[in-house]
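A structural walkthrough
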Amino acid sequence: MPFVRTALILVSAAILEAGGDALMRRGLQHRPLFLLLGAMGLTGYGVLINQGSLDFGRLLGGYIAVFFAVSQIAAVLFFRDVLPWQTIVGGILIVSGGCVLLI
């Protein structure tokens with residue numbers, strides 16, 4: 001069960017961080033409510049990520065891989081970004097490294 005709990009924490013934290021950053025980006029376009037919501041999301045991320053059961057280095061190392069995947073999905077869905085091959089290849093390396101850290 002610790003693996004499932006850690007995975008849920010990592011995915012939830014990544015959603016909060018990517019969402020908070022996206023809201024901040026919108027807020028910087030003179031939309032103060034989005035800045036506030038983004039700050040709340042980023043604060044939630046900071047609290048949630050520190051609930052994991054792994055040591056700090058492994059937890060955040062694995063988190064980077066999860067965050068990369070979630071942020072690329074958000075970039076495609078919400079900002080209509082097209083991922084170049086360099087991002088895909090680099091992402092494979094990042095996610096592979098994260099898997100090694102979480103073993």
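Residues numbered from 1 in each chain as written. Predicted model: local features only at pLDDT ≥ 70, side-chain atom pairs only at ≥ 80, totals over all residues. Heavy atoms only, no water.

In terms of helices and strands, the chain carries 4 helices and 0 strands. Mapped from its N terminus to its C terminus, the chain presents α and β elements in the order α-α-α-α. Each principal axis of the C-alpha atoms in the chain carries an extent, and together these give about 45 × 35 × 20 Å. For the chain, the share of sequence-separated contacts (at least 6 apart) that also reach a separation of at least 24 residues comes to 67%. A total of about 6800 Å² of accessible surface is found on the chain, and carbon and sulfur atoms cover 74% of it. Measuring between centres, the 6 positive side-chain charges of the chain sit 8 Å from its 4 negative side-chain charges. (Helix = DSSP H or I, 4+ residues; strand = E, 2+ residues; numbered from the N terminus. Contact = heavy atoms within 4.5 Å. Areas by Shrake-Rupley, 256 points an atom, 1.4 Å probe, with all protein chains shown as cover. Lys, Arg positive; Asp, Glu negative; His and termini not counted. Charge placed at Lys NZ, Arg CZ, Asp CG, Glu CD.)

Attention shifts here to the packing of aromatic side chains. Inspection of every chain in the model, using the stated rule, returns 2 aromatic pairs. What links up through ring pairs into an aromatic cluster is the set Y45, Y63 and F67. When the ring centre of F79 is taken as origin, the NZ or CZ atom of R25, which lies over that ring, is 5.6 Å away. (Phe/Tyr/Trp six-rings, centres within 6.5 Å; stacked < 30°, edge-to-face > 60°. Lys NZ or Arg CZ within 6 Å of the ring centre and 35° of its normal.)

Axis separation between helix α3 (residues 56-79) and helix α4 (residues 85-102) bottoms out at 8 Å; the angle between their running directions is 145 degrees. Crossing of α3 over α4 shows left-handed handedness. Judged by residue contacts, R58, G61, G62, I64, A65, F68 and Q72 of α3 engage T87, G91, I94, V95, G98, L101 and L102 from α4. Taken together, the residues that form the contact of α3 with α4 break down as 7 nonpolar, 6 polar and 1 charged. (Axes fitted to C-alpha atoms, helices over the stretch in contact; angles between N-to-C directions. Left-handed = near helix turned anticlockwise from the far one by under 90°. Nonpolar A, V, L, I, M, F, W, Y, C, P; charged D, E, K, R; others polar.)

Now for helix α2 (residues 32-49). Compared with an ideal rise of 1.5 Å per residue, which puts 18 residues at 26 Å, α2 spans 26 Å between its outermost C-alpha atoms and is within 8% of the ideal. Three or more residues of α2 are buried, namely G38, G41, Y45 and I49. Looking straight down α2, one finds its buried side chains confined to an arc of 60 degrees; they lie on one side. Facing away from the buried surface of α2 by more than 90 degrees, the exposed residues are P32, L33, M40, T43 and V47. (Expected span 1.5 Å × (residues − 1). Buried < 20%, exposed > 50% of the residue type's maximum accessible area, 1.4 Å probe, protein only. Arc of directions from axis to C-beta.)

What follows is about the side chain of T6. Looking at the secondary structure, you find T6 in helix α1 (residues 2-27). Other than its neighbours up to four places away in sequence, T6 contacts S53, L54 and L59.

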